[in-house]
Amino acid sequence: MISHEMLTGRSAEHLVTLGEGPHRLQKEAVQAFEKMRQAASVAGFDLQPASTFRDFSRQLAIWNGKFRGERPVLDKNSQPVDISELTTAERCELILRWSALPGASRHHWGSDLDVYDPSLLPADKKLQLEPWEYEEGGYFYPLNQWLSAHMAEFGFYRPYAEDTGGVAVEPWHLSYRPLAQECEKLLTPQVLISAWTGQEVAAADWLAGQMTEIFPRFIALSPL
C-alpha cells in the first residue's frame, strides 16, 4: 500500500530507476513502459521519458514560482500572461490549468510520466511539452497517433485527454492505469492539505478554503 508520504511526493521509497538516466517510477510502471518502448521501437519510434517522478519540493518550487511571477504562467492557448494585476483566485486558476498543486501532482505517484521522441525533435528546437507539438503538423504527431492506437495494450492511458474546464489537454502525459487508479482513490482533500503542514505554499489559505471546488475540477478525475 502506498503511504500518504509517497502519494504526496514526500517519499520516494516506492520507486525504482527507469533505464540509466535520472527517471524513476514504480517497478510495475517501469516494466510496462519498457514493453511499450520496445513495441514503439519496432514501429520506428524512439519513445523516451521527458519527466517521471517529481517530488513535493520540486512541485512546490514550480507552484510558488508561478504564483509569484518568477516563472511563466500560460493562458488556455499556451500564451504567457502578465499576472501582476490578477487576484489570488485568477492566478490560481490559471496556474492550475497547467501545473498541479504541491502534493497533488500525479508525478508524485510513480505511475505517470511525460513522453516524447527525441528523434522527431528538430535539432534547433527545445522540447516545450505544449499541445501543438503533438497535434497534426507538430513534431510528435506520428508518435501521438501510435500511442493513441497502442498504449492501452500496455496499461497506459491519458488522464488529460480532454478539456473539461479543469486541467488543459496534455497528450504527452501518460498514466499506468493499475497503479494510478489506486492512487486516485487514496488522494483526498484532507491528505493534500495535511501535506502542506510546515510548508510555505503560496495562497494556501485561499486554496484550502476553495478545496471543495478545486479538488473535483483540477485534481480528481472521472472514474477509471
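Residues numbered from 1 in each chain as written. Predicted model: local features only at pLDDT ≥ 70, side-chain atom pairs only at ≥ 80, totals over all residues. Heavy atoms only, no water.

In the nomenclature of an unreviewed UniProt entry, the protein chain corresponds to M15 family metallopeptidase from the organism Rahnella bonaserana.

A.B. asks: Honestly, the pairing of strand β4 (residues 112-116) in this entry has me stumped. Any pointers?
C.D. replies: Regular strands place side chains that alternate from one sheet face to the opposite one. In terms of burial, β4 is a largely internal element, five of the five residues being buried. Residues Asp-112, Asp-114 and Tyr-116 line one face of β4 and the alternating positions Leu-113 and Val-115 line the opposite face, and both faces are buried. The pairing of strand β3 (residues 48-51) with β4 spans three bridges and is antiparallel. Note that in β4 the partner of Gln-48 across the bridge is Tyr-116. For β4 and strand β6 (residues 173-176), the ladder comprises three bridges, and the chain directions are antiparallel. Each bridged residue has a counterpart across the sheet, and for Asp-114 the counterpart in β6 is His-173. (Buried < 20%, exposed > 50% of the residue type's maximum accessible area, 1.4 Å probe, protein only. Helix = DSSP H or I, 4+ residues; strand = E, 2+ residues; numbered from the N terminus. Pairing = 2+ DSSP bridges.)

A.B. asks: Please clarify how the environment of Glu-135 should be interpreted in this entry.
C.D. replies: With respect to the helices, strands and loops of the structure, Glu-135 is situated in the loop between β4 and α5 (141-150). Between the C-alpha atom of Glu-135 and that of Pro-171, which follows or precedes it by 36 residues, the distance is 8.5 Å.

A.B. asks: How should I be thinking about α5 in this particular structure?
C.D. replies: A turn of α-helix holds 3.6 residues, and therefore any two residues three or four places apart point the same way. For α5, the complete set of buried residues consists of Leu-143, Asn-144, Trp-146 and Leu-147. Taken down its axis, α5 places every buried residue within 165° of arc, on the same side. Residues of α5 that are buried sit in contact with α2 (27-42), β4 and β6. (Arc of directions from axis to C-beta. Contact = heavy atoms within 4.5 Å.)

A.B. asks: Got a minute to help me understand unusual backbone geometry in this structure?
C.D. replies: In most cases, non-glycine residues show a negative phi, while peptide bonds are predominantly trans. A positive phi is found at Ser-78, a non-glycine position, where the angle reads about 65°. With a phi close to 55°, Leu-129 is a non-glycine residue in the positive phi region. As for its placement among the helices and strands, Leu-129 is situated in the loop between β4 and α5.

A.B. asks: Any chance you could explain the UniProt feature "domain: D-alanyl-D-alanine carboxypeptidase-like core" (unreviewed entry) in the protein chain here in plain terms?
C.D. replies: The positions UniProt marks with the feature "domain: D-alanyl-D-alanine carboxypeptidase-like core" (unreviewed entry) are residues 23-178. From the first C-alpha to the last, residues 23-178 spans 20 Å; its make-up is 33% helix and 11% strand. (UniProt positions renumbered as here; feature names shortened; annotations may be inferred.)

A.B. asks: What exactly am I supposed to notice about the side chain of Ser-111 here?
C.D. replies: Secondary-structure assignment places Ser-111 in the loop between α4 (88-98) and β4. Polar side-chain contacts of Ser-111 include one of 2.6 Å to the side chain of Asp-112. Dropping the residues within four chain positions of it, Ser-111 is found in contact with Leu-25, Ala-29, Arg-106, Leu-174, Ser-175, Tyr-176, Leu-179 and Ala-180. (Polar contact = N/O pair within 3.5 Å; in protein donor to acceptor, adjacent residues only side chain to side chain.)

A.B. asks: It is not clear to me how the packing of aromatic side chains should be interpreted in this structure. Could you clarify?
C.D. replies: Both the distance between ring centres and the angle between the ring planes are used here to describe each pair of aromatic rings. Here the structure, examined in full by the defined rule, presents eight aromatic pairs. Relative to Tyr-139, the ring of Trp-132 lies with its centre 5.5 Å away and its plane at 70°, an arrangement referred to as edge-to-face. A residue is classified by how much of its surface remains accessible, and Tyr-139, at 22% relative accessible area, is partly exposed. Taking the centre distance of 5.7 Å and the plane angle of 50° together, the rings of Tyr-134 and Trp-172 count as tilted. Placement of Tyr-134 in the loop between β4 and α5 and of Trp-172 in the loop between β5 (156-157) and β6 is noted, with a sequence separation of 38 residues between them. Using a relative accessible area of 1% as the deciding quantity, one classes Tyr-134 as buried. Accessibility expressed as a relative area gives 3% for Trp-172, which makes it buried. (Phe/Tyr/Trp six-rings, centres within 6.5 Å; stacked < 30°, edge-to-face > 60°.)

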